[in-house]
Amino acid sequence: MKSQLLVSCRGLYKRYRSSEWVFEDAWVDVKQGDFLFLLGASGSGKTTFIQIVAGELPYDRGVVEVNGKDIKSYGSSGLYRWKRKIGIVFQDFRLLGDNTVFENIALPLILMGYSRPDIERRVNAAVRLLKLQGKEDVLCKTLSGGEQQRVAIARAIVHSPGMILADEPTGNLDDLHTSIIFDILKSLHSRGITVVIATHDKRLPLLISNARVIMIKKRRFVEVVPVLRKDMSGLASSE
Ligand SMILES: Nc1ncnc2c1ncn2[C@@H]1O[C@H](COP(=O)(O)OP(=O)(O)OP(=O)(O)O)[C@@H](O)[C@H]1O
């Protein structure tokens, strides 16, 4: 069966105001069921790409199709429906420090108008999945970095998105916590969720068999086929 294309990015150009191009004629796609790593040096455009796919950032030229339709042609209600299909783990977590773990995870459900019993059921399931039991009433600002990371993932998946976009989901974590986060991401992927991970850490794709690896090089996307993965060693010198 042919995999469905979730994201098709063709000839993308993006720059911020009058600065240098971040993307220049960049092409990439994300298929349903992918476990995809987006690798690139700091400043190469990983966060920019995630924000464009999430419909949060405009771009200059090219086509970015999500679910078969140019994201620019979605009205506000179409964009809202697309956003409900995805979950984003932000690089800086974007948690509300003075709110509890439960409240933070519940936030997207409240905004989407879920009923109170549904919110409780879904948040409790996410809490169990992310192994946050016992922390529900703790203020987020008092959590460790690894715990905050897990809350950020729980909040991203609580509405059962079809795709999760995670920006440096293991940045600043030690190897043990990195492997805990990856076990969780693998488990989400095995439930059918498409996973896209942006990272500068070229060791991470080695944790997942059959992962797709896309590198950002010279303002374009370059797919690294498994047999050529030794090319990833050149990441540090990429632009
Ligand atoms: N709001 C902004 N205004 C102006 N320039 C920006 C803005 N956001 C990002 N940039 C620039 O765009 C380029 C790509 O940034 P981006 O954050 O997408 O890279 P990144 O690969 O995610 O980096 P990192 O790994 O350090 O987070 C960088 O040169 C950055 O300075």
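Look up: the structure comes first, before these words.
Residues numbered from 1 in each chain as written. Predicted model: local features only at pLDDT ≥ 70, side-chain atom pairs only at ≥ 80, totals over all residues.

Quick notes on the sheet that holds strand β9 (residues 212–217)
The strands making up a sheet associate through backbone hydrogen bonding, with each pair oriented either parallel or antiparallel.
Here comes step 1: Spatially, the six strands line up as an open sheet ordered β6-β7-β8-β3-β9-β10, and their pairing is mixed. The sheet is open, and its two borders are formed by β6 (86–89) and β10 (220–224), each paired with just one other strand. Within the sheet, the average angular offset between the axes of one strand and its neighbour, ignoring direction, is 20°.
Here comes step 2: Sheet analysis places strand β3 (residues 35–39) next to strand β8 (residues 194–199), joined by five bridges and oriented parallel. In the strand pairing of β8, L39 is matched with T199.
Here comes step 3: Those strands touched by helix α1 (residues 46–53) are β3, β6, β7 (163–167), β8 and β9, and its axis lies near 150° from that of β7. (Pairing = 2+ DSSP bridges. Helix = DSSP H or I, 4+ residues; strand = E, 2+ residues; numbered from the N terminus. Axes fitted to C-alpha atoms, helices over the stretch in contact; angles between N-to-C directions. Contact = placed C-beta atoms within 7 Å.)

A word on the nonpolar core
Here comes step 1: L38, I105, V151, A154, I164, L165 and V195 are the most contacted members of the largest nonpolar core, which totals 63 residues.
Here comes step 2: With six residues, the top contributor of residues to this core is helix α5 (residues 145–157).
Here comes step 3: In this structure, V195 is in contact with F35, L36, I164, L185, L188 and H189, ignoring residues within four places of it in sequence. (Core = buried A, V, L, I, M, F, W, Y, C linked by C-beta atoms within 7 Å. Buried ≥ 20, exposed ≤ 12 C-beta atoms within 10 Å, placed from the backbone.)

Re the packing of helix α3 (residues 101–111) against helix α4 (residues 116–129)
Here comes step 1: Two elements in contact, α3 and α4, have axes separated by 10 Å at closest approach and are oriented at 130°. When the axes of α3 and α4 are compared, the pair comes out oblique. As for how α3 packs across α4, the hand of that crossing is right-handed. Facing F102, I105, A106, L109 and I110 of α3, the residues of α4 in contact are I119, R122, V123, A126 and V127. (Parallel < 35°, antiparallel > 145°, perpendicular 65-115°, else oblique. Left-handed = near helix turned anticlockwise from the far one by under 90°.)

So, α4
Here comes step 1: Its 14 residues give α4 an end-to-end C-alpha distance of 20 Å, which sits within 8% of 20 Å, the value for a rise of 1.5 Å per residue.
Here comes step 2: Taken together, the buried positions of α4 are R122, V123, A126 and V127. Buried residues of α4, seen end-on, are gathered within an arc of 140° and therefore sit on one face of the element. Exposed and oriented more than 90 degrees from the buried face of α4 are P117 and R128.
Here comes step 3: Elements that come into contact with the buried residues of α4 comprise α3 and α5.
Here comes step 4: One or two steps after α4, the chain reaches K131, where phi turns positive at roughly 55°. (Expected span 1.5 Å × (residues − 1). Arc of directions from axis to C-beta.)

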